[in-house]
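Architecture at a glance
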Amino acid sequence: MAEHEVPSLIRLVEIAVSDAITRAVPEVAGADPVVRRSEHADFQSNAALGLAKRTRTRPAELATTVAESLNADPGSSVADASISGPGFLNLTLAEPALWRQVIARLASPRLGVGSPEQGRRTVVDYSGPNIAKEMHVGHLRTTIIGDCLVRVLGFLGADVIRQNHLGDWGTQFGMLIQYLDEHPDARWHHDQLGASTSTVSALDDLYRAARAAFDADPAFAERARARVVALQAGDPDTIACWKEIVAESKFAFWEIYRRLGVLLEPEDSDGESFYNSMLPDVVDELAADGIAVESHGALVMFSEEVTGPDGNPVTLMVRKQDGGYGYDTTDLATIRYRIRDLKADRILYVVDSRQSLHFRLVFEAARRAGWLTDGIEATHVSYGTVLGPDGRPFKTRSGGTVKLMELLDAAVDQAKASVSEKTQELTPEDLTQIAEQAGIGAVKYADLSTSRTKDYVFDVDRMVSFNGNTGVYLQYAHTRICSILRKAGNAEIDVDPALPLHPTERALILAADAFADVLAEVGRDLEPHRLCGQLYELAKAFTDFYEACPVLAAPGPVRANRIALCQLSARTLRQGLTLLGIAAPERM
RNA sequence: GCCCCCGUAGCUCAGCCGGAUAGAGCAAGCGACUUCUAAUCGCUAGGCCGCAGGUUCGAAUCCUGCCGGGGGCACCA
C-alpha cells in the first residue's frame, strides 16, 4: 500500500493564494505568496505588501484583487479572504476542510508526514566516548542531539548510517596497558565489580594511577613508552589487552545507551583505530596532490581560508614530526571513508562548537583533495556548552567532571520525588518505571528544546517540572489524552466534516497539522528545538481544547469528532516524543 | 591581531529565510476544583529586543561599525 503524504494546510493555502495571484495579477505570476500563521485568522498572506511596487498599485488594492480572485474560487479550501491593515490578507479555512485534514492524517500510519529525505545517504557522527574513560556531561549533548537527528532523518526517509567515533587509540593506552600488566590484581572487568561501579570508572581510576606513576617513576615511564611502541607495532599480548579494555568499556557505554534509549549499537562503532590502516594512504594522497606540504619536519596543510595570530595560514597537522598521526589525520581519513566507501550524500558531525575551526579545515582539505564535491554536504552540527547553575561550565562542587550516570541518577531521583509526592495509585514498580522515563525524558528534552548553538543551564528542578516547556509536560499531556481514549474504548469512529468547530478545536487542528512541516524543517536545518516548540504548542492547544470541550460527555457525532481530535493529538505527540528519543507512557 | 558563537521580561528561553499591539515558562499578585488526571487553567503585572548608523512602505529579524560575554587560532583529542 502506497503511503501518501498529506499536504499541510499551510501548503494548501500557499497554493491557493499563489494561484489566485497568478489569475488576478499575471504580471507577478509565481511570486511567493508569503503565507504565515496569523493571530487574526487561520493564516495570512503578506504578499501584496511587497508586490505592490512591482505592479505600481497600492498594497490594499492589490490585496483586494487577490482576495476577490480567491473568494471566487469554489474549489479552494480557503473559505474567506479579507483585507486588513495596509494590505494583509487574512485567510480563514472552511471548517469541512479542517475536519477532512484530521481524517486524512488519521488514515495514515505516519500521520501523512512525507519523506523529503528519501534515499539520501546520511552519515551521523555522534557520541564518540573515549575508551577507558567514564562518559561525562561533555558527552550528553552529542549523544542526545545526534540520536534525535538520526531518528528524525530516518523517519523522513533518509538512509542513515550511525557512526560512533570511539576514542579507542592513542599513546595513553600504552601507559594504561603497562600499568595493568604490572598490576594483575587490579579489578576492572564488569563481572568483578559491584553494581555501584563500572568498568570505565575503574579504568578511569587505574589510568589516573598510571599517569601518577608515569610522572613519578622514570623507569615506569620508559616501560610505558615501550608499550606504546608495542601497541602500534601490533604486539599480540598488548593488542589482546587493548581489545579487552575496548570490550569492557563498550559494555559500560551500552549500559548508558540503553538507559538513555539511544539507537547506537555496537556495530555502529568505527573508532579511531578503525582508520589506522588508512592513514598512510590518506597522507600519501594529500602529499601527492600537493595539498599537504612539509614544514618544520612535519607534513601539514596550510589553509587558504584562515589565518592565525601571526598572520600566517592556519595548519592542519597531516603527519607529525615524529611520523605519528593525530586527530587531524584521523578525521581526514574519516571524511574520505564516509564519502568514498560509505557513499554518503550528507555527513553530519555532532560535535562541540569549539571544534568549528578544526572542521572548517578538514572540510577545506577534503574539498581540495576532490573528495568533498558540490553534491555532498558536510556539516559540523555544533552545539554549546552545558553550564552549571552558576553559569560556568557544569562541574561537581569539587570542580571535577560530572559523570553522566550520576547526572541521570539525580534527574531520575528528582522526577521520582516529584511523581510520588503527587500520585496515589501507582505501584512501586510503576513508580520506578515512570520516574525513569520522566527523569531521562526530562534531561533529553532540556537538551533538545533549547537552541543547539547556545550554551544552556543544566537545572534539574526546572527540567522535571510538570509546567512549562518540559518533557514531563508533554508526557503528561499525552497520558491525559490516553486516559480519555481508554474510556472511549477502541471503537472505530467516523468523523463528520459537516460539524461546526469550536475555536479550540480549530486551533488544535492547526497545531497538529504543523507537525509534518516542522519535521521537514528539522531535517533540513538540524534544529531539534523546533520540534520541541511545535509539540509544546500542540500540548498547550490540546489543554485549551480539553478545558473547553468535553469529549466523553458530548453528544454522539460531536463526541466522535472530538475523539478523533484526541487520537490525532495523542498520535502526534507520541510520534514527536519518539523522534526526540523520549518515552511516551500511557499513565503517569 | 584575525575568525566563530552569543547579547530579547527579575530568571531560563522562543521568535531571527523582514510584516499588524515582541511571545512562553518560572518567580510575583489575583482567581477557578459537584466536570474526561487541579501534575491543570484563566487573569494581572513585567521589555529604549546590548548601542549607533544603514537598507526597506515596514527591522528583534538583513548589512556595517562599536560595546559586552564565551570559544578558537600546528605536532592534545
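Refer to the structure above for everything that follows.
Here goes a summary of the coordinates provided. The structure displayed is predicted, hence computed values, not measured ones. (Residues numbered from 1 in each chain as written. Chains lettered and ligands numbered in written order. Predicted model: local features only at pLDDT ≥ 70, side-chain atom pairs only at ≥ 80, totals over all residues. Heavy atoms only, no water.)

**Remarks on empty space enclosed by the protein**
Which entries qualify depends on this criterion: Only protein atoms enter the 1 Å grid used here. Points where a 1.4 Å probe fits but cannot escape make up a cavity, open sets with protein on both sides within 12 Å along at least five of seven lines make up a pocket, and a residue lines them when an atom lies within 4 Å of a point. Grid points are joined across faces, edges and corners, and a volume is the space filled by probe spheres set on the points. Note on conventions: DSSP H or I runs of at least 4 residues are helices, E runs of at least 2 residues are strands, and numbering of each starts at the N terminus.
With the rule as written, the count across this model stands at one cavity of 30 Å³ or more. If you add up the space inside the largest cavity, you get close to 50 Å³. The wall of the largest cavity is formed by Val17, Ile21, Ser45, Ala47, Ala48, Leu51, Leu62, Val66 and Leu89. Of all the secondary structure elements, the ones that give two or more residues to the lining of the largest cavity are α1 (9–24), α2 (47–55) and α3 (59–71).

**With respect to the environment of valine 419**
Put simply, the test is: Whether two residues are in contact is decided by their heavy atoms, any of which lying within 4.5 Å being enough.
Topologically, valine 419 is positioned in helix α13 (residues 404–422). C-alpha of valine 419 to C-alpha of glutamate 255: the two residues are 164 residues apart in sequence and 25 Å apart in space. Setting aside residues no more than four positions away along its own chain, valine 419 makes contact with Leu426, Leu431, Ile434 and Phe466.

**Re the nonpolar core**
Counted only if it meets this: Only buried Ala, Val, Leu, Ile, Met, Phe, Trp, Tyr and Cys residues count toward a nonpolar core, and they belong to the same one when joined by side-chain atoms within 4.5 Å. Note on exposure labels: buried denotes an accessible area under 20% of the residue type's maximum, exposed denotes more than 50%, and partly exposed covers the range between, all computed with a 1.4 Å probe on protein chains only. In this entry, domain limits derive from an automatic or database-based domain assignment.
If you look at the biggest cluster of nonpolar residues, it comprises 154 residues, and the most contacted ones within it are Ile245, Leu407 and Phe458. Sorting elements by how many residues they give to this core places helix α9 (residues 236–260) first, with eleven residues. Of the residues that make up this core, three or more belong to each of domain 1 (9–93) and domain 2 (171–263). Ignoring sequence-local partners within four residues, the contact set of phenylalanine 458 consists of Leu140, Val386, Leu387, Pro389, Phe394, Leu407, Val443 and Met463. The next biggest cluster of nonpolar side chains, apart from the first, holds 36 residues, and it includes Phe359, Val362, Phe363 and Ala365.

**Focus: the protein's contact with RNA strand B**
Here is the rule we go by: Working definition: residue near molecule or strand if any one of its non-hydrogen atoms lies within 4 Å of it. The definition of a polar contact used here is a pair of N or O atoms within 3.5 Å, where within protein one atom must be able to donate a hydrogen and the other to accept one, and adjacent residues in sequence count solely through side-chain atom pairs.
Near RNA strand B there are 58 residues, and of these Lys320, Ser451, Asn467, Tyr476 and Tyr546 occur at the shortest range. The sugar and phosphate moieties of RNA strand B supply 52% of its atoms located within 4 Å of the protein. Between RNA strand B and tyrosine 536 there is a distance of 3.1 Å, counted from a sugar or linking oxygen to a side-chain nitrogen or oxygen. Elements with a minimum of two residues in the surface near RNA strand B: α2, β4 (88–93), β8 (298–307), β9 (313–319), α12 (356–368), β13 (456–457), α16 (471–488) and α19 (529–548).

**Observations regarding the pairing of strand β5 (residues 121–125)**
Rules: We treat two strands as partners when DSSP finds at least two bridges between them. For crossovers, right-handed means that the path from the first strand over the helix to the second runs clockwise, given strands pointing away from the viewer.
Here β5 lies mainly inside the structure; four of its five residues are buried. Note: β5 against strand β6 (residues 159–163), five bridges, orientation parallel. When the sheet's bridge partners are listed, valine 123 is paired in β6 with isoleucine 161. After leaving β5, the chain enters helix α5 (residues 140–155) and then returns to the sheet as β6, a path that is right-handed. Here β5 pairs with strand β10 (residues 346–352) via four bridges, running parallel. Within the sheet, the bridge partner assigned to threonine 122 lies in β10 and is arginine 346.

**Points about the packing of α5 against helix α14 (residues 428–449)**
Quick reminder of the rule: To define axes, lines are fitted to C-alpha atoms, for helices over the stretch in contact only, and angles between the resulting N-to-C directions are given on a 0 to 180 degree scale. An angle below 35 degrees is read as roughly parallel, one above 145 as roughly antiparallel, one from 65 to 115 as roughly perpendicular, and any other as oblique. Just so you know the grouping, Ala, Val, Leu, Ile, Met, Phe, Trp, Tyr, Cys and Pro go in nonpolar, Asp, Glu, Lys and Arg go in charged, and all remaining residues, Gly too, go in polar.
Here α5 crosses α14 at 80 degrees, and the two axes come no closer than 10 Å. What the angle tells us is that α5 and α14 run roughly perpendicular. Taken together, the residues of α14 that come into contact with α5 (itself represented by Leu140, Arg141, Ile144, Ile145 and Cys148) are Val443, Lys444, Asp447 and Leu448. Considered class by class, the residues forming the contact of α5 with α14 number six nonpolar, no polar and three charged.

**With respect to the sheet that holds strand β11 (residues 377–383)**
Pairing within the open sheet is parallel, and its four strands lie in the order β6-β5-β10-β11. Lying at the two open borders of the sheet, with one neighbouring strand each, are β6 and β11. Strand-to-strand twist of the sheet, defined as the mean angle between neighbouring strand axes without regard to direction, takes the value 20 degrees. Where β10 lies against β11, seven bridges are found, and the strand directions are parallel. Residue pairing in the sheet places valine 351 in a bridge with serine 382 of β11. Across the sheet, α12 lies against β10 and β11, angled at about 175 degrees from β11, the strand it touches most.

**Remarks on the layout of surface pockets**
The space that makes up the largest pocket amounts to roughly 760 Å³. Gly138, His139, Asp352, Gln355 and Tyr383 are, among the 32 residues lining the largest pocket, the residues nearest its centre. Elements with a contribution of two residues or more to the lining of the largest pocket: α5, α11 (327–340) and β10. Of the residues forming the lining of the largest pocket, the biggest block, four residues, is contributed by β10.

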